[in-house]
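Summary of structural features
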Amino acid sequence: MKLRKITAASAAVLALSVAATACSSGKKDDGGSSGNGDKITIGIKFDQPGVGQKTPQGYSGFDVDVATYVAKKLGYDANQIEWKESKSADRETMLKRGDVDFIVASYSITPERQQLVDFAGPYLLAHQDVLLRADDNSIKAPADLNNKKLCSVTGSTSAQNVHDKLAPKAQLQEYPTYSACLNGLQNGAIDALTTDDDILAGYAAQSQFKGKFKLGGFKMTNENYGIGVKKGSDLKDKINKALEEMSSDGSWQKAVDANFGPANYKNEPAPKIGDIKS
């Protein structure tokens, strides 16, 4: 009889131990108020002011604001986000390998990329444009770039596209970085800088450049920015829902104004999910 009592007590202790282990077997709770103890890993650009930038103070830009909002809707607070640099050439590989959960990095949706990854969105309709000196009134249309010095970064096709399709006499200049192009634009070494208008607006909105540049407003292409996820991921639908809420509650426009407003960026309304403009 005594043996049965000891065995029953031991069993009770064992049951409690198993239950406690089961309750604590999940990933460590990182203290987020959402109650989700997990981390989420998000790819962004680290070198695009106003879009995605790593600074001594942290991470900032429109894509960072969008990613943070989406993560919140997925159940993750800002302190549960792990940011990873997603360079343009690495994005598809990072998603395939599972290095990141999703990517928000001025990531244009194209048929070729859709064969490799899935996209939520679009969340921004960008356009190829030019940045000009604020006091330069000689360039009012793409054709006015003929015989002008047109800059883009080394390896970019933006300037070549303008040259081939709109201004065959434009003098193409390649600089290693957008900041170098901006300095050249400021001192008169070049006449215009070209890439997507939101990227141009982000650079021009930096405190040292405020009031010195303006966007041409030419809208030479449509670039539908999407949030990249691994092919077949169920995150796509969840992110789309979050983006719809971001548009409807005013958070999207607030992020646009905060990051691009100082450069007089003329944005269009947030795109409707799945509405790809070519």
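Check the entry above for the structure.
What comes next is a walk through the structure. (Residues numbered from 1 in each chain as written. Predicted model: local features only at pLDDT ≥ 70, side-chain atom pairs only at ≥ 80, totals over all residues. Heavy atoms only, no water.)

What to know about the overall build of the chain
- A tally of helices and strands in the chain yields nine helices and 13 strands.
- For the chain, the residues scored as buried account for 44% of the 278 residues in total.
- Partitioning the intrachain contacts of the chain with sequence separation of at least 6 by distance along the chain shows that 71% fall at a separation of at least 24. (Helix = DSSP H or I, 4+ residues; strand = E, 2+ residues; numbered from the N terminus. Buried < 20%, exposed > 50% of the residue type's maximum accessible area, 1.4 Å probe, protein only. Contact = heavy atoms within 4.5 Å.)

Re the state of the cysteines
- A complete count under the given rule lists one disulfide for this structure.
- Two residues share a disulfide in this structure: C151 and C181, whose sulfurs sit 2.1 Å from each other. In this structure, the disulfide formed by C151 and C181 twists by about -60° around the S-S bond and is classed as left-handed. With C151 in strand β9 (residues 149-153) and C181 in helix α6 (residues 178-187), this pair connects stretches of sequence that are 30 residues apart.
- Using a relative accessible area of 0% as the deciding quantity, one classes C151 as buried.
- The class for C181 is buried, based on a relative accessible area of 0%. (Disulfide = S-S within 2.5 Å.)

Thoughts on the environment of T221
- The topology assignment puts T221 in the loop between β12 (213-215) and β13 (223-229).
- Every residue in contact with T221, bar those within four places of it in the chain, is listed here: A126, H127 and Q128.
- A polar contact of 3.1 Å, which involves the side chain of T221, links it to the side chain of E223. (Polar contact = N/O pair within 3.5 Å; in protein donor to acceptor, adjacent residues only side chain to side chain.)

Considerations on the environment of K212
- Tracing the sequence through the fold places K212 in the loop between α7 (197-204) and β12.
- The class for K212 is partly exposed, based on a relative accessible area of 36%.
- Ignoring any residue separated from it by four or fewer positions in sequence, one finds K212 in contact with L132, R133, A134 and Q186.
- Within the structure, the side chain of K212 is placed 3.2 Å from the backbone oxygen of Q208, a separation counted as a polar contact.

Re the nonpolar core
- Core analysis: the largest hydrophobic core is formed by 56 residues, its most contacted members being I42, F102, I227 and I239.
- Among the elements that make up this core, the one with the highest residue count is helix α2 (residues 62-73) (seven residues).
- The next biggest cluster of nonpolar side chains, apart from the first, holds 12 residues, and it includes L132, A159, V162 and F218. (Core = buried A, V, L, I, M, F, W, Y, C linked by side-chain atoms within 4.5 Å.)

Structural notes on the sheet that holds strand β4 (residues 58-60)
- Taken together, the three strands give an open sheet; going across it, the order is β2-β3-β4, and neighbouring strands pair in antiparallel fashion. Every other strand in the sheet has two partners, leaving β2 (47-48) and β4 as the edge strands with one partner each.
- Pairing between strand β3 (residues 52-55) and β4: three bridges, direction antiparallel. Looking at the pairing, Q53 lines up with S60 of β4. (Pairing = 2+ DSSP bridges.)

Considerations on the side chain of D118
- With respect to the helices and strands, the residue D118 is situated in strand β7 (residues 118-126).
- Classification of D118 by relative accessible area gives buried; the value is 15%.
- Here the side chain of D118 touches K231 through a polar contact of 3.2 Å, side chain to side chain.
- D118 has contacts with I227, G228, V229, K230, K231, G232, S233 and K236, leaving out every residue within four places of it along the chain.

Here we look at the sheet that holds β9
- Read from one edge of the open sheet, five strands run β10-β9-β11-β8-β12, paired in mixed fashion. Whereas interior strands pair on both sides, the edge strands pair on one side only; in this sheet they are β10 (171-175) and β12. Averaged over all pairs of adjacent strands, the angle between strand axes in this sheet comes to 30°, irrespective of strand direction.
- Two elements, β9 and β10, share five bridges in a ladder whose sense is parallel. Across the sheet, L150 pairs through a bridge with L172, a residue of β10.
- α7 contacts β8 (128-133), β11 (192-196) and β12 of the sheet and is inclined by roughly 125° relative to β11. (Axes fitted to C-alpha atoms, helices over the stretch in contact; angles between N-to-C directions.)

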